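# Descriptive structure summary
Each chain, letter by letter, is given below.
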Amino acid sequence: MNKKNKKIDILCVGEILIDFIGHQSDVLINNTRDYHRYLGGSPTNVAMNSARLGLKPVMISAVGNDGFGEYIFKRLAEVDVDANSIKKIENKPTSVIFVSKSDGTPDFIPFRAADYYITEDQITTETLKQTNIFHTTCFALSKDPAQTTILKKAEEAYNLGCKLSIDLNYSKKLWNSKEEAINVIKTFCKFNPLIKISEDDMLRLFETTLPHQEIFDFFHNLGVETICLTLGSKGVKLSQKGQNTIELPAIKVEKVLDTTGAGDAFWSGFLFAYIKEKPIEDCLQVALQLAALKLQNVGRLPNNINILSKLL
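Residues numbered from 1 in each chain as written. Predicted model: local features only at pLDDT ≥ 70, side-chain atom pairs only at ≥ 80, totals over all residues. Heavy atoms only, no water.

## Comments concerning the overall build of the protein
Spelled out, the test is: A helix here means a DSSP run of H or I that spans at least four residues, while a strand means a run of E at least two residues long, and both kinds are numbered starting from the N terminus. C-alpha atoms define the radius of gyration, and 2.2 Å times the number of residues to the power 0.38 defines the globule rule. Between buried and exposed lies partly exposed: a residue is buried under 20% and exposed over 50% of the maximum accessible area for its type, with that area taken using a 1.4 Å probe on protein chains only. Residue contacts are counted whenever heavy atoms from the two residues lie within 4.5 Å of one another. Computed with the Shrake-Rupley method and a 1.4 Å probe, the accessible areas treat only the protein chains shown as cover for residues. We count Lys and Arg on the positive side and Asp and Glu on the negative side, and we leave His and both chain ends out. Here the site of a charge means NZ on Lys, CZ on Arg, CG on Asp, or CD on Glu.
A tally of regular secondary structure across the protein gives 10 helices and 14 strands. The C-alpha radius of gyration computed for the protein amounts to 18 Å, which stays within 12% of the reference 20 Å derived for 312 residues, consistent with globular compactness. Based on the C-alpha atoms only, the size of the protein along its principal axes is roughly 50 × 45 × 45 Å. The 312 residues of the protein split such that 58% are buried. Across the protein, contacts joining residues at least 24 apart in sequence account for 71% of those joining residues at least 6 apart. Entry remark: accessible area of the protein is about 13500 Å², with carbon and sulfur atoms responsible for 47%. One way to put it: in the protein the 37 positive side-chain charges average out to a point 3 Å from where the 37 negative ones average out.

Below, the structure written as structure tokens:
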């Protein structure tokens, strides 16, 4: 990857949300009484984590011109995430999501408004020329105009030599149909992105439990070289086309406080090490360490931890 003279390590394109995470542990939303407010959205978490790891991320999204939007800009500024290309929407509120607190995959209810109003003018050709990694999510691709914008700009980024990355965080409740989701995913896979998927994502997408090799083959056949399959407490598998699958165990965590954002912490660590041109197994080790750190904290990674010193 030619990183010389590029000013942007990771261009994070997609949803900025206000997460209301349940205060009661291990209950679904129907039994959650109280919620605490956090900054959320998968690409937002990656941007925040990346900045605190010493990288230079830029965030592309849309928020409402409201109090939640102000809170978002304040939080991004605290860790030096470049928010200059985030659009304020006058007639739509900032998107909000309610999430249960869980040691497994959390339950969630989305109230989407501003987040998917991402338009082409927010991502200039000059920005793409300065970018190492163009990262997005299945969530972000689920609605227009963001979907059309991201697919068009991803192709441009690919042609300009950017490495693409996607978290395939598929959820049926975000899409018009599963068929549309699969078609959009197939289109994005033409650009050979680094793919992060979870077992839960794949169960939701394919509606059956597939052997891991079948999942890897599905994406390899679409032209994807590297697929990272996260297995929760069982660790991770990574498949590179034509090479042996790498499998690593999760780092043991005595008490899991919150799983929300653990996948984003994992992928932030992976991309951090990837940008530093570490061997792929080292990328996974850094990713697993960051995920373990996240599992021990509610909301995002804590302020008072020097992440960098724990990873290197």
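So much for the structure itself; the text now carries on.
## Focus: the nonpolar core
For the record, the criterion: Side-chain atoms within 4.5 Å link the members of a nonpolar core, which is a set of buried Ala, Val, Leu, Ile, Met, Phe, Trp, Tyr and Cys residues.
Among the nonpolar cores identified, the biggest contains 52 residues, and Leu11, Phe134, Phe188, Ile195, Ile197 and Phe219 are the most heavily contacted of them. It is helix α5 (residues 178–189) that contributes the most residues to this core, 6 residues altogether. Beyond its immediate stretch of four places on either side in the chain, phenylalanine 188 contacts Thr136, Leu141, Ile150, Leu151, Ala154, Leu164, Ser165, Ile166 and Pro193. Formed by 47 residues, the second largest nonpolar core is a distinct cluster that contains Val46, Ile72, Ile133 and Leu238.

## Observations concerning the packing of helix α1 (residues 42–52) against helix α8 (residues 262–275)
In a packed pair of helices, the relevant descriptors are the angle between the two axes and the axis-to-axis distance. Stated formally: The axes are straight lines fitted to the C-alpha atoms, using for helices just the contacting stretch, and the angles between their N-to-C directions are given from 0 to 180°. An angle below 35 degrees is treated as roughly parallel, one above 145 as roughly antiparallel, one from 65 to 115 as roughly perpendicular, and anything else as oblique. The crossing is said to be left-handed when, going from far helix to near helix, the turn is anticlockwise and less than a right angle, and right-handed when the turn is clockwise. Throughout this entry, Asp, Glu, Lys and Arg are counted as charged residues, while Ala, Val, Leu, Ile, Met, Phe, Trp, Tyr, Cys and Pro are counted as nonpolar. The remaining residues, Gly among them, count as polar.
Between α1 and α8, whose axes approach to 9 Å, the crossing angle comes to 50°. Here α8 runs oblique to α1, going by the angle between their axes. Handedness of the α1/α8 crossing: right-handed. In this structure, α1 contributes Ser42, Asn45, Val46 and Asn49 to the contact, and α8 contributes Asp264, Ala265, Ser268 and Leu271. When its residues are assigned to classes, the contact of α1 with α8 shows 3 nonpolar, 4 polar and 1 charged.

## Quick look at the sheet that holds strand β4 (residues 57–60)
Convention followed: Pairs of strands are assigned from DSSP output, requiring at least two bridges between the strands.
Sheet architecture is open: 8 strands sit in the order β4-β1-β9-β10-β11-β12-β13-β14, paired in mixed fashion. Each edge of the sheet is formed by a strand with only one pairing partner; in this case those strands are β4 and β14 (246–248). The sheet shows a mean angle of 15° between the axes of neighbouring strands, taken without regard to direction. In this sheet, β14 lies alongside strand β13 (residues 236–240) in antiparallel orientation, the contact comprising 3 bridges. By the bridge assignment for β14, valine 236 is matched with leucine 248. Sitting on the sheet, helix α4 (residues 146–159) touches β1 (8–13), β9 (131–137) and β10 (163–167), and the angle it makes with β9 is about 155°.

## Things to note about unusual backbone geometry
A cis amide bond links aspartate 144 to the next residue, proline 145, at an omega of 5°. Within the secondary structure, proline 145 is located in the loop between β9 and α4. The phi dihedral of asparagine 192 falls on the positive side, at around 50°, and the residue is not glycine. Checked against the element boundaries, asparagine 192 lands in the loop between α5 and β11 (194–198).

## Some details on the environment of alanine 140
Note on placement: alanine 140 falls in the loop between β9 and α4. Given the relative accessible area of 3%, alanine 140 is considered buried. Residues contacting alanine 140, with those up to four places away along its chain left out, are Val13, Gly14, Glu15, Ala146, Gln147 and Ile150.

## A short note on the packing of α8 against helix α9 (residues 280–295)
Between α8 and α9, whose axes approach to 7 Å, the crossing angle comes to 145°. Viewed along their axes, α8 and α9 form a crossing whose handedness is right-handed. Contact with α8, carried on its side by Ala262, Ala265, Phe266, Ser268, Gly269, Phe270, Phe272, Ala273 and Tyr274, involves Ile280, Asp282, Cys283, Leu284, Val286, Ala287, Leu288, Leu290, Ala291, Lys294 and Leu295 of α9 and no other residues of that element. Residues of the contact of α8 with α9, tallied by class, amount to 16 nonpolar, 2 polar and 2 charged.

## What about the side chain of threonine 149?
Examined against the element boundaries, threonine 149 turns out to sit in helix α4. When residues no more than four places from it in sequence are discounted, the contact partners of threonine 149 are Ile118, Thr119, Glu120 and Ile123.

## Brief notes about the pattern of salt bridges
Side chains that carry opposite charge are capable of pairing whenever their charged atoms lie near each other. To keep it simple, the criterion reads: Salt bridges are counted wherever a side-chain nitrogen of Lys or Arg sits within 4 Å of a carboxyl oxygen of Asp or Glu.
Applying the stated criterion to the full structure yields 10 salt bridges. One salt bridge in this structure joins lysine 153 and glutamate 156, with 3.2 Å as the shortest N-O distance. With a gap of 3 residues between them, lysine 153 and glutamate 156 both fall in helix α4, about one helical turn apart. Of the residues examined, lysine 153 reaches a relative accessible area of 8% and is grouped as buried. Judged by its relative accessible area of 21%, glutamate 156 falls in the partly exposed class. Taking the shortest distance from any N to any O, the salt bridge between aspartate 201 and arginine 204 comes out at 2.7 Å. Of the two residues, aspartate 201 and arginine 204 are both situated in helix α6 (residues 199–206); the distance of 3 residues between them amounts to about one turn of the helix. Given the relative accessible area of 32%, arginine 204 is considered partly exposed. Members of the salt-bridge network, linked through shared partners, are Lys74, Arg75 and Glu78.

The analysis is restricted to geometry; functional conclusions fall outside its scope.
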